[in-house]
Amino acid sequence: MRLLILGGIGEAVQLARRLAPVHAVTYSVAGKGRVPALPCPVRIGGFGGAEGLAALLREQEIELLIDATHPYAGQISRNAMQAARMAGVPLWAYRRPAWEPEPDDDWRRAANWPEIVAALREFRRPFFTIGLEPLRHAADIPLRQHWLVRCLRCLAAELPFSPRLTLLCATGPFALEQELRVLRDWRIDVVVAKNSGGKAVEAKLTAARQLRIPAVVLERPALPAADREFAETGRLVAELT
């Protein structure tokens, strides 16, 4: 079977490795982070929206589209659903289960950027781990706050200078000891994180719990329904092997 896997998370890479020996797999990744080495063709970059993805599905005679993108890649998932309908190709999706707070966690949930800003009013030294969004608001940092922002790629030259923002360019996953060191060294008093789920990036919330630091957790976007959805990659692989 000819499969196209839309990836970008650790489980998607594992999925491609397990399915490539059995099927004709093409793996697609945006290319913002590390590009995985896989035993199948790897496509890097966008498609040109749902129409472009639908055209590729037809051209390559894809028989099954698998959406295994990041839980916050809502636009990609919406494009995948529309493209699958246009091309008449079934869409399966791996939906990684979200984290749930543990008894010692102090979570403040937020649905969007304004709610994040409101939740941070009582804090002075937030640590952002939600991508590039905080950098777009560098000019609006309150006088009493200093932001530490971790992201995949360093865009400091493209940003307005702010003495109240430090950019930490690093690529995970990060060990618990690393996250504890960051929180201590930068005197962080609140962590801002996405509810990504999984084990790869959970250490920052574990570190916050151990140091009794609150976390502002950005809620997941609503994702479109797929023809079939799986909470475990093993179950998806079992259906195809």
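Now for a quick tour of the structure.

Conventions we followed
- Residues numbered from 1 in each chain as written.
- Predicted model: local features only at pLDDT ≥ 70, side-chain atom pairs only at ≥ 80, totals over all residues.
- Heavy atoms only, no water.
- Buried < 20%, exposed > 50% of the residue type's maximum accessible area, 1.4 Å probe, protein only.
- Helix = DSSP H or I, 4+ residues; strand = E, 2+ residues; numbered from the N terminus.
- Arc of directions from axis to C-beta.
- Contact = heavy atoms within 4.5 Å.
- Salt bridge = Lys/Arg side-chain N within 4 Å of Asp/Glu carboxyl O.
- 1 Å grid on protein atoms, 1.4 Å probe; cavity = no way out; pocket = protein on both sides within 12 Å on 5 of 7 lines; lining within 4 Å.
- Points joined across faces, edges and corners; volume = space filled by probe spheres on them.
- Nonpolar A, V, L, I, M, F, W, Y, C, P; charged D, E, K, R; others polar.
- Lys, Arg positive; Asp, Glu negative; His and termini not counted.
- Polar contact = N/O pair within 3.5 Å; in protein donor to acceptor, adjacent residues only side chain to side chain.

Before going further, it helps to examine helix 7 (residues 233–240). Looking only at helix 7, the buried set comprises T233, L236, V237 and L240. Down the axis of helix 7, the sector holding all buried residues measures 95 degrees, keeping them to one side. Along helix 7, the residues that are exposed and aim more than 90 degrees away from the buried face are R235 and A238. Close packing links the buried residues of helix 7 with strand 1 (2–6), helix 1 (10–19), strand 4 (64–67), strand 5 (91–94) and strand 12 (228–230).

Let us now look at the pattern of salt bridges. Tallying each qualifying case throughout the model produces twelve salt bridges. With a closest N to O distance of 3.5 Å, D227 and R85 form a salt bridge. Of this pair, D227 sits in the loop between strand 11 (215–218) and strand 12 while R85 sits in helix 3 (residues 74–87), placing them 142 residues apart in sequence. For D227, a relative accessible area of 43% translates into the label partly exposed. Owing to a relative accessible area of 42%, R85 belongs among the partly exposed residues under this scheme.

It is worth spelling out empty space enclosed by the protein at this point. In the structure shown here, the tally under the stated rule is two cavities of 30 Å³ or more. Within this model, the second largest cavity holds a volume of roughly 40 Å³. Forming the walls of the second largest cavity are D105, D106, W107, L205, A208, R209, I213, P214 and A215. Split by residue class, the lining of the second largest cavity holds six nonpolar, no polar and three charged.

The subject of this paragraph is the side chain of K204. As for its position among the elements, K204 is in helix 6 (residues 203–210). No salt bridge forms around the buried K204; measuring N to O, its nearest opposite-charge neighbour E179 is 5.4 Å away. Looking at K204, its side chain comes within polar contact range of the main-chain oxygen of V201, at 3.0 Å. In contact with K204, other than residues within four places in its own chain, are T129, R150, E179, L183 and A193.

Any functional reading would require information that these geometric values do not contain.
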